[in-house]
Amino acid sequence: MTREQYILATQQNSLPRTEHPQFYPVGIYGWRKRCLYFFVLLLLVTMIVNLAMTVWILKVMNFTVDGMGNLRVTKKGIRLEGISEFLLPLYVKEIHSRKDSPLVLQSDRNVTVNARNHMGQLTGQLTVGADAVEALCKRFEVRASEGGKVLFSADEDEIVIGADRLKVTGTEGAVFGHSVETPHIRAEPSQDLKLESPTRSLVMEAPRGVQVNAAAGDLKATCRKELHLQSTEGEIFLNADTIRLGNLPVGSFSSSSSSSPSSSAPRQTIYELCVCPNGKLYLSPAGAGSTCQSSSNICLWS
């Protein structure tokens, strides 16, 4: 007997002999199977709910191939329809409305539009608030819709009004703290034009002349103290049918011939206009000759 045959014969004799062999089932049974079915059912319900929520969100938000809701993505940019609300700052290059509707910017507090350069520095700002509209920039301009004519511009040095006509409708008029340069000042038809300086002097200057014209009314110059008419090189020309000088002092003149009681015939009093060396004018009763020399003592009173 060889060694291998001996080993095989010895192993066969050592194995236990069983009359009824036992079988073990393969699979998941009992509570494990019920838990697995429960988790599979829960996963299926979750998938169905997620799919339903996705469809509902797509329906409510109006998702399309062009955009979402009122937001449309076009070749020129983004298009918003209806009312849109922005909770954070909006950075855009251009905002414009449709051709048939206006553009409305609304806020509970104020609306601020900022302009910055490539370094992020603030170069311009427009703030529309409840109390005021403020513009912060180097130069502010208002242009006409046709032709682009500058109607109003303001900077640190000057304010320019480029309109053909400036109309002030306030009851108190216009108040200027400094000088005003204009080629023409005119009041409304059937209205008075009044230039007044309540506490200081009023000066009108022009290198080629100042013309004051009242085509259908009177021209009055009233002052409290003295009224000076002075021409350094030319003359003062008064051209009218009647020239009246009121409140002139009257000089006295006595003559025996004029005071004779025999001359009882009524006669009209005639005065002569006399001029003092200092330029003062006064009236003197006219006699047979010039009475200005005899009544020149009135010049000593002035």
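Conventions we followed
Residues numbered from 1 in each chain as written. Predicted model: local features only at pLDDT ≥ 70, side-chain atom pairs only at ≥ 80, totals over all residues. Heavy atoms only, no water. UniProt positions renumbered as here; feature names shortened; annotations may be inferred. Helix = DSSP H or I, 4+ residues; strand = E, 2+ residues; numbered from the N terminus. Phe/Tyr/Trp six-rings, centres within 6.5 Å; stacked < 30°, edge-to-face > 60°. Buried < 20%, exposed > 50% of the residue type's maximum accessible area, 1.4 Å probe, protein only. 1 Å grid on protein atoms, 1.4 Å probe; cavity = no way out; pocket = protein on both sides within 12 Å on 5 of 7 lines; lining within 4 Å. Points joined across faces, edges and corners; volume = space filled by probe spheres on them. Nonpolar A, V, L, I, M, F, W, Y, C, P; charged D, E, K, R; others polar. Pairing = 2+ DSSP bridges. Polar contact = N/O pair within 3.5 Å; in protein donor to acceptor, adjacent residues only side chain to side chain. Contact = heavy atoms within 4.5 Å. Axes fitted to C-alpha atoms, helices over the stretch in contact; angles between N-to-C directions.

(A) Examining the UniProt feature "transmembrane region" (unreviewed entry) in the protein chain more closely. UniProt feature "transmembrane region" (unreviewed entry): in the numbering of this structure it lies at residues 36–58. Regarding residues 36–58, the helix share stands at 100% and the strand share at 0%, and the terminal C-alpha atoms are separated by 33 Å.

(B) Looking closely at the packing of aromatic side chains. Tallying each qualifying case throughout the model produces two aromatic pairs. For the ring pair F38 and F39, a centre distance of 5.9 Å and an interplane angle of 65° mean the geometry is edge-to-face. Between F140 and F152 the ring centres are 6.4 Å apart and the planes differ by 65°, which places this aromatic pair in the edge-to-face class. Highlighted residues: F140 in strand β7 (residues 140–143) and F152 in strand β8 (residues 150–154), separated in sequence by 12 residues. In this structure F152 comes out as partly exposed when scored by relative accessible area, which is 28%.

(C) Local environment of the layout of surface pockets. As a volume, the second largest pocket reaches approximately 2400 Å³. F86, L90, I95, L103 and L105 are the residues nearest the centre of the second largest pocket, which is lined by 42 residues in total. Among the elements of the structure, β3 (78–80) and β4 (111–116) are those that each provide at least two residues to the lining of the second largest pocket. For the lining of the second largest pocket, the element with the highest residue contribution is β4, accounting for six residues. Class assignment of the residues belonging to the lining of the second largest pocket gives a composition of 20 nonpolar, 13 polar and nine charged.

(D) Structural detail: the sheet that holds strand β2 (residues 71–73). One open sheet accounts for three strands, arranged β1-β2-β3; its pairing is antiparallel. A single partner strand is all that each edge strand has here, and the edge strands are β1 (67–68) and β3.

(E) Inspection of the side chain of S153 at higher detail. Relative to the helices and strands, S153 resides in strand β8. Among the polar contacts listed, one links the side chain of S153 to the side chain of R139, at a separation of 3.2 Å. Once residues lying within four places of it in the same chain are set aside, the contact partners of S153 are R139, F140, E141, E158, I159 and V160.

(F) Quick look at the sheet that holds β4. Reading across from one edge, β4-β5-β6 is the order of the three strands in this open sheet, with antiparallel pairing throughout. Across the chains shown, the open sheet's two edge strands, defined by having one partner strand only, are β4 and β6 (133–136). Each strand of the sheet is rotated relative to its neighbour by a mean of 10°, with strand direction disregarded. Strand direction decides the pairing type here: strand β5 (residues 122–128) and β6, joined by four bridges, are antiparallel. Along β6, the bridge assignment pairs L126 with A135.

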